[in-house]
Amino acid sequence: MAGAAKINQMMFSSFSLSLSSLSATVSVAAVRVLYNQYPAKSNAPVRSACRSISSNTSKKKQKKKKTEKGLAKEKRRTRSLRDCDIEIVDKKEDDSSTSVMMQQSQSHIPVMLGEVLDVFSSNSNNLCSFVDCTLGAAGHASAIIESHPQLKLFIGMDVDPLALHMARSRIDALSHSHPHPHFQAFTFLNNFRHIKSLLRQVDHPNISSGVDGILMDLGVSSMQVNNPERGFSVLANGPLDMRMDPQASLKAEDILNSWPDNEVGRILRDYGEESNWRLLQNKILQARLQGGLHSTGELVDVIRSVTPGTRGGRQGWVKTATRVFQALRIAVNDELKALEDSLYTCFDCLAPGGRLAVISFHSLEDRIVKQTFLKIINCNMESGDGSVKEMDIGDLRKIKSENNQKELWIRQTIEGWNGTILTKRPITPSEKEEGFNRRCRSAKLRVIQKDR
């Protein structure tokens, strides 16, 4: 008996080694067949080996899925090949108050600046007129003005009076040194949804048939995020404001403390794409009974209370808070509705050959830009009302993949009867830019050109 037991033990040991050396592709059925060849009381080594194979197979499958998901995501975009040759120069101002604001503006790095310059520098039309719908600290605007000596008219607008004040000082300085003798610059404190009325106010001969270039940068600037009083920052305590336009009446505090509970839930679900929205909604309602939420710190505490501390990555409380803050900011400023309406209006304001470039920073914005661009170039030519027939979209698209020697940044285009989408897939920042400007990681650039 002792000899038989010893033989069995040697057989189990050799079997265990052979199982551990098998590849992860061994099927569960094969493992079960081998497992059942031995008595139940003596199969501990076999059980251990089978568990090892199952565990390794599961890990490799998960790793493979993650790799495939990453590759699929990479295919849906076109990473910029630019070397990100951006130079940031610090300037000193005599006036102390102006100096503080200028330092803040210089801390803001324009996202995808080189790519934006490529879009408008290689335009088939000479860039004689340009509109910056989101002026901010005038990072993109300054570079456009400096790069185009033939530019005759610049128009910039922003809803933030502080940002506009800083931008005006930069643009005024550039206006005096601009090489074109008839160069004019106009700045307005207004929302880009009113671009048509603002262009009528300017009434410049160079825009009688439309403007040559329009830029929309939809991101929140570093100046706004870094100022706790604006309420945009997840990591700094401040009032629950989140207004882009300080003169607007609606604040994030109003939504959290007085809006119907189903509306609060809808905002978290639709605008923040937050899977845990129902629990957050209930916690916000509970906070109302205890005096309400009045600071970003209090809101973050609520978010942290419903987010397990063990979760990392996208499930961590910072990611959840970022989605909640995004949702509230979109609701406070009615961003998505304003964006969709403005895309149609901006395209109408372009001259033939003119281009509209839009930089978005989250999937909701990018989806609207993508779908609206497709609707614009596929609208019914006879009706003229901008209506789109879904059945005709596939027929009217014409995708080109030819290598354009003049404009290397263009990879694939989609042509319609009245315009061309120059970015079939959005352009994203280069790896180098992502390295020194982490906030640009989610940026996506889409461009459409008006053909007639």
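Residues numbered from 1 in each chain as written. Predicted model: local features only at pLDDT ≥ 70, side-chain atom pairs only at ≥ 80, totals over all residues. Heavy atoms only, no water.

Q: Any details on the overall build of the protein? Residues and values, ideally.
A: When helices and strands are tallied, the protein shows 18 helices and 11 strands. With 452 residues in all, the protein has 46% of them scored as buried. Summed over its atoms, the accessible surface of the protein is roughly 23900 Å², and 50% of this surface lies on carbon and sulfur atoms. (Helix = DSSP H or I, 4+ residues; strand = E, 2+ residues; numbered from the N terminus. Buried < 20%, exposed > 50% of the residue type's maximum accessible area, 1.4 Å probe, protein only. Areas by Shrake-Rupley, 256 points an atom, 1.4 Å probe, with all protein chains shown as cover.)

Q: Would you mind going over helix α13 (residues 296–306) in detail, with residue names and values included?
A: All buried positions along α13 are accounted for by T296, L299, V300, V302, I303 and V306. Burial along α13 is one-sided: seen end-on, the buried residues are contained in an arc of 155°. Those residues of α13 that are buried lie in contact with α10 (252–258), α12 (277–289) and α14 (317–333). (Arc of directions from axis to C-beta. Contact = heavy atoms within 4.5 Å.)

Q: Which residues make up the packing of aromatic side chains, and what values do they have?
A: Summed over the entire model, instances satisfying the criterion amount to 2 aromatic pairs. On the basis of an interplanar angle of 85° and a centroid distance of 5.0 Å, the ring pair of F120 and F130 is categorised as edge-to-face. Remark: F130 occurs in strand β2 (residues 129–132) and F120 occurs in helix α5 (residues 113–121); sequence separation between them is 10 residues. Take F130: its relative accessible area is 1%, and that puts it in the buried class. (Phe/Tyr/Trp six-rings, centres within 6.5 Å; stacked < 30°, edge-to-face > 60°.)

Q: Explain the nonpolar core to me, and be specific about the residues and the numbers.
A: Counting 66 residues, the largest nonpolar core has I214, M216 and L356 as the members making the most contacts within it. Setting aside its immediate chain neighbours within four residues, M216 contacts C133, T134, F192, L339, S342, L343, C346, L356, A357, V358 and I359. Ranked by size, the runner-up nonpolar core spans 34 residues in total, among them L117, A143, I171 and V447. (Core = buried A, V, L, I, M, F, W, Y, C linked by side-chain atoms within 4.5 Å.)

Q: Account for the packing of helix α15 (residues 335–349) against helix α16 (residues 363–377), naming residues and giving values.
A: For any two helices packed against each other, one specifies the crossing angle of their axes together with the interaxial distance. Interaxial distance between α15 and α16 falls to 10 Å at its minimum, and their mutual angle equals 30°. In terms of axis orientation, α15 runs roughly parallel to α16. Here the hand of the crossing between α15 and α16 comes out right-handed. Together, E335, L336, L339, E340, L343, Y344 and F347 of α15 and L364, E365, I368, V369, T372, F373, K375 and I376 of α16 make up the contact between the two elements. (Axes fitted to C-alpha atoms, helices over the stretch in contact; angles between N-to-C directions. Parallel < 35°, antiparallel > 145°, perpendicular 65-115°, else oblique. Left-handed = near helix turned anticlockwise from the far one by under 90°.)

Q: Explain α14 to me, using residue names and the numbers behind them.
A: Spanning 17 residues, α14 covers 24 Å between terminal C-alpha atoms, matching the ideal 24 Å at 1.5 Å per step. A large share of α14 lies buried, amounting to 13 of its 17 residues. Two residues or fewer past α14, D334 is found with a positive phi of approximately 50°. (Expected span 1.5 Å × (residues − 1).)

Q: Any chance you could break down the pattern of salt bridges for me, citing the residues and the numbers?
A: Per the counting criterion, the structure on display carries 13 salt bridges. Residue R323 pairs with E274 through a salt bridge whose shortest N-O separation is 2.8 Å. Taken together, the residues R323 in helix α14 and E274 in the loop between α11 (261–271) and α12 connect sequence positions 49 residues apart. Side by side, R323 and E274 carry an identical accessibility label, which is buried. (Salt bridge = Lys/Arg side-chain N within 4 Å of Asp/Glu carboxyl O.)

Q: I'd like a description of the side chain of Q281, backed by residues and values.
A: Checked against the element boundaries, Q281 lands in helix α12. Given the relative accessible area of 9%, Q281 is considered buried. Setting aside its immediate chain neighbours within four residues, Q281 contacts D261, G265 and L268.

Q: Describe the packing of α11 against α14, with residues and values.
A: Two elements in contact, α11 and α14, have axes whose closest approach is 8 Å; the angle formed by their N-to-C orientations is 110°. The orientation of α11 relative to α14 falls into the category roughly perpendicular. In this structure, α11 meets α14 at a crossing whose hand is right-handed. Facing α11, whose interface residues are I267, L268 and Y271, α14 presents V324, Q326, A327, L328, I330 and A331.

Q: Explain the state of the cysteines to me, and be specific about the residues and the numbers.
A: Considering all chains together, one arrives at 0 disulfides under this definition. Here C349 stays free of any disulfide, with the sulfur of C346 as its closest cysteine sulfur at 6.3 Å. (Disulfide = S-S within 2.5 Å.)

Q: Which residues make up the pairing of strand β4 (residues 184–189), and what are the values?
A: Here strand β3 (residues 153–158) pairs with β4 via 6 bridges, running parallel. Note on β4: the bridge partner recorded for I155 is F186. (Pairing = 2+ DSSP bridges.)

Q: Any details on the pairing of strand β11 (residues 444–450)? Residues and values, ideally.
A: Most of β11 is tucked away: 6 of the 7 residues are buried. Where strand β6 (residues 350–360) meets β11, 6 bridges bridge the pair, whose relative direction is antiparallel. Bridge pairing in β11 places A357 opposite V447. Sheet topology note: the strand β9 (residues 419–421)/β11 ladder contains 3 bridges and is antiparallel. Directly across from I421, in β11, lies its bridge partner I448.

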